[in-house]
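# Observations on chain architecture
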Amino acid sequence: MRKENALDMNLADLEKVMFDHHQPKYRAGQIFQWLHRGVRGFHEMSSIPLQLREMLSEQFYTGMPEIVEKQVSKLDGTAKYLLRLIDGSLIECVMLTYCHGNTLCVSSQVGCRMGCLFCASTKGGLVRHLTPGEMVGQILVSREDTGERISNIVIMGSGEPLDNYNNVIKFIRIINQEKGLNIGLRHVTLSTCGLVEGIDRLSAEGLPVTLSVSLHGADDETRKKLMPVAKKYKIKEVIKACERYISRTGRRVTIEYALVKEINDGEEDAVRLAELLKGLLCHVNLIPLNPVRGIGLERPDMQKVNNFKEMLVQRGIPVTVRREMGRDINGACGQLRAGHLELSEKNGGKV
Ligand code: SAH
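My aim in this report is to walk through the structure given alongside it, one point at a time. Being a predicted model, the structure only gives us computed values, none of them experimental.

Of the regular secondary structure elements, the chain holds eleven helices and 14 strands. The C-alpha atoms of the chain give a radius of gyration of 21 Å, which matches the 20 Å a tight globule of 351 residues would have. Principal axes of the C-alpha set define a box for the chain whose edges measure 70 × 50 × 40 Å. Evaluated residue by residue, the chain yields a buried proportion of 54% over its 351 residues.

This is the structure we're talking about:
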């Protein structure tokens with residue numbers, strides 16, 4: 001029998017396991033607590049009877065991923081981890097240290113099938129979805145390694161979270177558990193390339209997380225140049241889904257806009273973007289493109305970025321330019337993994 005990842009279970013799942021093994025219900029809470037403290041095995045769960053620990057370790061493993069590589073930015077302390085999962089898959093997560101607390105950028109899939117032109121994570125397509133426990137594992141391992149509390153989670157690493165919907169929702173509920181990591185839902189951000197049905201489903205979950213939508217263009221033609229998903233959903237439909245999200249949750253949405261030289265960084269783009277977002281409860285996050293090798297897209301110079309920002313400000317759109325974190329360590333998601341996969345190809349498949 002293949003062992004299951006104990007971190008994939010929520011409290012209700014654990015209660016069922018206890019029930020099946022004729023154990024008192026409260027044990028589920030104790031085990032959940034131990035798991036999210038980041039134990040390396042059931043043997044560490046000293047308050048749990050030995051027999052039960054042995055039984056659990058026959059059926060489950062406690063799945064923290066292995067750190068393959070860690071890069072720390074000399075500029076700002078950003079720590080980027082390359083992690084190996086139980087099946088050998090490689091994923092990344094990034095710990096960003098701000099004065100108001102630490103944020104972990106979590107991956108939701110191995111690879112991605114959305115195909116955005118500028119993104120390193122999607123180059124090799126989707127390998128597989130991550131399970132809830134594999135997402136929790138990213139938090140546990142980076143917390144253990146840095147010894148720091150993680151107060152904010154952004155699901156903005158590799159993968160499209162709404163393409164792995166059920167696992168991502170389960171993950172969010174698990175980390176919100178008081179007995180577990182107890183991360184407030186308002187401290188969780190989910191970033192999507194704009195899957196309209198997924199946004200609508202999320203609106204109905206009753207989870208007040210921050211929705212962040214990657215727009216990267218102010219009209220369909222520009223968006224299509226960068227994001228294949230724009231062929232499926234018109235920009236107007238995406239904005240309407242944002243409106244529904246806002247009216248159901250009362251939450252402000254974030255609009256992400258990666259500035260790509262001569263593709264979407266002109267003054268006319270800024271004017272169109274302001275027009276499109278007029279009246280929407282949103283905040284625009286401008287991200288100067290993080291150039292990925294071999295793609296041929298460039299970032300505009302800072303003057304152009306600031307000019308774009310000013311155009312939005314003048315039109316009453318709240319906007320910030322994303323502070324660049326870890327520029328010296330290949331900041332953009334997927335680049336560390338992509339580098340490793342390239343190396344592995346050269347070495348005949350060995351990473
Ligand atoms: N699939 C989700 C989340 C992952 S990407 C999404 O599309 O939102 C997180 C953010 O980083 C997205 O806005 C994405 O478009 C952006 N991004 C990816 N590669 C980038 C790069 N090379 N430069 C700048 N932003 C990038």
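Another point: the nonpolar core. If you look at the biggest cluster of nonpolar residues, it comprises 102 residues, and the most contacted ones within it are Ile 139, Ile 153, Phe 171, Ile 172, Leu 215 and Leu 277. Residues Leu 96, Cys 105, Val 154 and Met 325 belong to the second largest nonpolar core, which totals five residues.

What follows is about the site of the ligand. Taken together, 17 residues form the shell around the ligand, and within it Gly 159, Ser 191, Ser 214, His 216 and Asn 290 come nearest. Note that an oxygen atom of the ligand is positioned 2.6 Å from one of the side-chain N or O atoms of Ser 214. Asn 290 has a polar backbone atom sitting 2.8 Å from a nitrogen atom of the ligand. With the chains in place, 94% of the 530 Å² that the ligand exposes on its own is no longer accessible. Grouping the amino acids of the shell around the ligand by side-chain chemistry returns eight nonpolar, seven polar and two charged.

What follows is about the pairing of strand S4 (residues 79-84). Most of S4 sits inside the fold, with five of its six residues counted as buried. When strand S3 (residues 66-72) meets S4, the two strands line up antiparallel, connected through six bridges. When the sheet's bridge partners are listed, Ile 67 is paired in S4 with Leu 83. Where S3 folds back onto S4 in an antiparallel hairpin, the turn is made up of six residues, including Gly 77, whose phi is positive at roughly 80 degrees. Here S4 pairs with strand S5 (residues 90-98) via six bridges, running antiparallel. Each bridged residue has a counterpart across the sheet, and for Leu 83 the counterpart in S5 is Ile 91. Between the end of S4 and the start of S5, which pair antiparallel, lie five residues, with Gly 88 showing a positive phi angle near 90 degrees.

Once that is clear, we can look at helix H8 (residues 235-249). Between the first and last C-alpha of H8 there are 21 Å, a value that for 15 residues agrees with the 21 Å anticipated at 1.5 Å per step. If you check which residues of H8 are buried, you get Ile 235, Val 238, Ile 239, Ala 241, Cys 242, Tyr 245 and Ile 246. The buried side chains of H8 occupy one side of the element, clustering within an arc of 155 degrees when seen end-on. Those residues of H8 that are exposed and angled more than 90 degrees off the buried face are Lys 236 and Ser 247. Buried residues in H8 make contact with helix H6 (196-203), strand S11 (210-214), helix H7 (220-226), strand S12 (253-259) and helix H9 (267-277). Immediately downstream of H8, the backbone of Gly 250 shows phi near 70 degrees, a positive value.

This part takes up the packing of aromatic side chains. The full count for this structure, using the stated rule, is one aromatic pair. Stacked on the ring of Trp 34, the Lys or Arg Arg 37 has its end atom at 4.6 Å from the ring centre.

A few words on unusual backbone geometry. Its identity is not glycine, yet His 22 carries a phi of approximately 55 degrees, on the positive side. Assignment of secondary structure puts His 22 in the loop between helix H1 (11-20) and helix H2 (26-37). Backbone geometry at Glu 262 places phi at a positive 60 degrees, although glycine is not the residue there. Inspection of the secondary structure assignment puts Glu 262 in the loop between S12 and H9. With relative accessibility at 70%, the residue Glu 262 sits in the exposed group.

The next point concerns the side chain of Ser 73. Along the chain, Ser 73 falls in the loop between S3 and S4. Excluding residues that lie within four positions of it along the chain, Ser 73 makes contacts with Thr 78, Gly 326, Asp 328 and Ile 329.

The next point concerns helix H3 (residues 50-59). Within the span of H3, buried status applies to Leu 52, Arg 53, Met 55 and Leu 56. Axial view of H3: buried residues confined to an arc of 165 degrees, hence all on one face. Opposite the buried face of H3, by more than 90 degrees, sit the exposed residues Leu 50, Gln 51 and Glu 58. Check the buried side of H3 and you find it contacts H1, H2 and strand S2 (60-61).

If you walk through the whole model with that rule in mind, you get 17 salt bridges. Here Lys 170 ties to Asp 13 by a salt bridge, and the two come within 2.7 Å at their closest N and O atoms. Separated by 157 residues along the polypeptide, Lys 170 in helix H5 (residues 165-176) and Asp 13 in helix H1 bring together distant segments of the chain. For Lys 170, a relative accessible area of 25% corresponds to the partly exposed category. Asp 13 sits in the partly exposed class, given a relative accessible area of 27%. Among the salt bridges present, the one from Lys 80 reaches Glu 92, with a minimum N-O distance of 3.2 Å. Residue Lys 80 is located in strand S4, and its partner Glu 92 is located in strand S5; the two are separated by twelve residues in the primary sequence. Overall, Lys 80 belongs to the buried group, its relative accessible area being 1%. Through salt bridges that share partners, Asp 87, Arg 128 and Glu 134 make up one connected network.

About the cut-offs
- Residues numbered from 1 in each chain as written.
- Predicted model: local features only at pLDDT ≥ 70, side-chain atom pairs only at ≥ 80, totals over all residues.
- Heavy atoms only, no water.
- Helix = DSSP H or I, 4+ residues; strand = E, 2+ residues; numbered from the N terminus.
- Rg over C-alpha atoms; globule rule 2.2 N^0.38 Å.
- Buried < 20%, exposed > 50% of the residue type's maximum accessible area, 1.4 Å probe, protein only.
- Core = buried A, V, L, I, M, F, W, Y, C linked by side-chain atoms within 4.5 Å.
- Near = heavy atom within 4 Å.
- Polar contact = N/O pair within 3.5 Å; in protein donor to acceptor, adjacent residues only side chain to side chain.
- Areas by Shrake-Rupley, 256 points an atom, 1.4 Å probe, with all protein chains shown as cover.
- Nonpolar A, V, L, I, M, F, W, Y, C, P; charged D, E, K, R; others polar.
- Pairing = 2+ DSSP bridges.
- Expected span 1.5 Å × (residues − 1).
- Arc of directions from axis to C-beta.
- Contact = heavy atoms within 4.5 Å.
- Phe/Tyr/Trp six-rings, centres within 6.5 Å; stacked < 30°, edge-to-face > 60°.
- Lys NZ or Arg CZ within 6 Å of the ring centre and 35° of its normal.
- Salt bridge = Lys/Arg side-chain N within 4 Å of Asp/Glu carboxyl O.

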